[in-house]
Amino acid sequence: MAKYERNLRGDFNSLLQTLDREILRGSISASFQDGSDISIGNVRCAVRVYERYSMIGGNRLAANITLLGTGEDLYVSVIASGGSQAVFFKINTFGENAFTDEIANIVTEWEKQTI
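Residues numbered from 1 in each chain as written. Predicted model: local features only at pLDDT ≥ 70, side-chain atom pairs only at ≥ 80, totals over all residues. Heavy atoms only, no water.

A. Examining the side chain of Thr-18 more closely. Here Thr-18 is to be found in helix α1 (residues 12-26). Not counting chain neighbours up to four residues away, the residues in contact with Thr-18 comprise Ile-106 and Trp-110. (Helix = DSSP H or I, 4+ residues; strand = E, 2+ residues; numbered from the N terminus. Contact = heavy atoms within 4.5 Å.)

Next up, the structure:
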């Protein structure tokens, strides 16, 4: 399992749309699996699950993204999992790390463009 978390500032909808667009553009095998959105007062939360094939690992894996926001204060959490071919322990986390790094780069680039 690979994990990335970040506090940042900006527009909730803009980051969510950018993540969706760029993740699906980033790999021919990437797909949107499901999502959930909720607002409670002025707090918004979006959960997204994406899946793709990892050529490095030779398997499929998933990334779960949670975006939390109130006003321009945002928090993003990315957790990638799956992909291991072992039965009792993980022997291959290359794809998980690569997927998480790709999403972290999308967030970083988005943040640079909004400053």
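Still more to cover.
B. Seen up close, the pattern of salt bridges. Tallied over the entire structure, the rule returns 10 salt bridges. Here Arg-21 makes a salt bridge to Glu-22, at a shortest N to O gap of 3.1 Å. The salt bridge involving Lys-112 is made with Glu-109; its shortest N-O contact spans 3.3 Å. One end of the pair is Lys-112 and the other is Glu-109, both in helix α2 (residues 94-114) and three residues apart, which spans about a single turn. One network of salt bridges, in which partners are shared, links Arg-9, Glu-72 and Asp-73. (Salt bridge = Lys/Arg side-chain N within 4 Å of Asp/Glu carboxyl O.)

C. Highlighting the packing of aromatic side chains. Following the criterion strictly, the structure yields one aromatic pair and no others. Ring geometry for Phe-32 and Tyr-50: centres 5.8 Å apart, planes at 65°, overall edge-to-face. Here Tyr-50 lies in strand β3 (residues 43-54) and Phe-32 lies in strand β2 (residues 31-40), a separation of 18 residues in the sequence. The exposure class of Tyr-50 is buried, given its relative accessible area of 1%. (Phe/Tyr/Trp six-rings, centres within 6.5 Å; stacked < 30°, edge-to-face > 60°. Buried < 20%, exposed > 50% of the residue type's maximum accessible area, 1.4 Å probe, protein only.)

D. The arrangement of the packing of α1 against α2 in detail. Between α1 and α2, the shortest axis-to-axis distance is 10 Å and the interhelical angle comes to 135°. By the angle between their axes, α1 is oblique relative to α2. At the point where α1 passes α2, the crossing takes the right-handed sense. Within the contact between the two elements, α1 uses Ser-14, Leu-15, Thr-18, Leu-19, Glu-22, Ile-23 and Gly-26 and α2 uses Phe-99, Glu-102, Ile-103, Ile-106, Val-107 and Trp-110. By residue class, the composition of the contact of α1 with α2 is eight nonpolar, three polar and two charged. (Axes fitted to C-alpha atoms, helices over the stretch in contact; angles between N-to-C directions. Parallel < 35°, antiparallel > 145°, perpendicular 65-115°, else oblique. Left-handed = near helix turned anticlockwise from the far one by under 90°. Nonpolar A, V, L, I, M, F, W, Y, C, P; charged D, E, K, R; others polar.)

E. Broad picture of the sheet that holds β2. Judged by pairing direction, the sheet is antiparallel, and its five strands sit side by side in the order β1-β5-β4-β3-β2 without closing on themselves. On the outer flanks of this sheet lie β1 (2-9) and β2, each paired with one strand and no other. On average, each strand axis in the sheet is inclined to that of its neighbour by 15°, with strand direction left out of account. Packing of α1 onto the sheet brings it into contact with β1, β2, β3, β4 (59-70) and β5 (73-82), and relative to β3 it is tilted by some 10°. Lying on the sheet, α2 is in contact with β1, β3, β4 and β5; it crosses β1 at an angle near 10°. (Pairing = 2+ DSSP bridges.)

F. Molecular detail of α2. Between its first and last C-alpha, α2 extends 31 Å over 21 residues, near the 30 Å set by a 1.5 Å rise per residue. When α2 is considered as a whole, its buried residues turn out to be Gly-95, Glu-96, Phe-99, Thr-100, Glu-102, Ile-103, Ala-104, Ile-106, Val-107, Trp-110 and Glu-111. For α2, the elements touching its buried residues are β1, α1, β3, β4 and β5. (Expected span 1.5 Å × (residues − 1).)

G. Highlighting the environment of Asn-97. Here Asn-97 is to be found in helix α2. Each C-alpha atom of the pair Asn-97 and Ile-79 lies 9.5 Å from the other, and the pair is 18 residues apart in sequence.

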